[in-house]
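Okay, here's what each chain looks like letter by letter:
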Amino acid sequence: MQRMGMVIGIDPQSIPEYKRLHAAVWPGVLERLRRSNITNYSIFLKEPENLMFSYWEYTGTDFEADSAAIAADAETRDWWKVCGPMQRPLESRKPDEWWASMEEVFHLD
């Protein structure tokens, strides 16, 4: 299992809608994540900085292939079209990232 953390900004005016959407994530999006070996997925919000931190555990063996399957999923792409405009990617993210990956520096087991 691999723990993964990511960070992104959010438009402060979009926070109520983002919370509403994530209180009832589309079932097909959740199923695609599960089929791609994503578990224990959480998103946290830090105000007033308007930063979101996401955490998940990846239980598969080919993250690149599982990520590609998520990106190829039509319902997930539609979800991203709704949520993406609310997000504010960090300028420091890598060129191929939307959410900026974070390095794990500590874990208590």
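Residues numbered from 1 in each chain as written. Predicted model: local features only at pLDDT ≥ 70, side-chain atom pairs only at ≥ 80, totals over all residues. Heavy atoms only, no water.

Considerations on the pattern of salt bridges
Counting across every chain of the model gives five salt bridges. We note a salt bridge from Glu 49 to Lys 46, for which the minimum N-O separation is 3.2 Å. Here Glu 49 falls in the partly exposed class, since its relative accessible area comes to 45%. When its relative accessible area of 45% is taken as the criterion, Lys 46 is described as partly exposed. The salt bridge involving Asp 78 is made with Lys 81; its shortest N-O contact spans 3.8 Å. Of this pair, Asp 78 and Lys 81 both sit in helix 4 (residues 74–83), separated by three residues, roughly a single helical turn. (Salt bridge = Lys/Arg side-chain N within 4 Å of Asp/Glu carboxyl O. Buried < 20%, exposed > 50% of the residue type's maximum accessible area, 1.4 Å probe, protein only. Helix = DSSP H or I, 4+ residues; strand = E, 2+ residues; numbered from the N terminus.)

A closer look at helix 2 (residues 27–35)
Within helix 2 the residues assigned to the buried category are Val 29, Arg 32 and Leu 33. The buried residues of helix 2 occupy an angular sector of 100° when the element is viewed end-on, so they sit on one face. Helix 2 presents Pro 27 and Arg 34 as exposed residues on the side facing more than 90 degrees away from its buried surface. Check the buried side of helix 2 and you find it contacts strand 2 (38–46), helix 3 (63–72) and helix 4. (Arc of directions from axis to C-beta. Contact = heavy atoms within 4.5 Å.)

Just distances and angles here, no functional claims.
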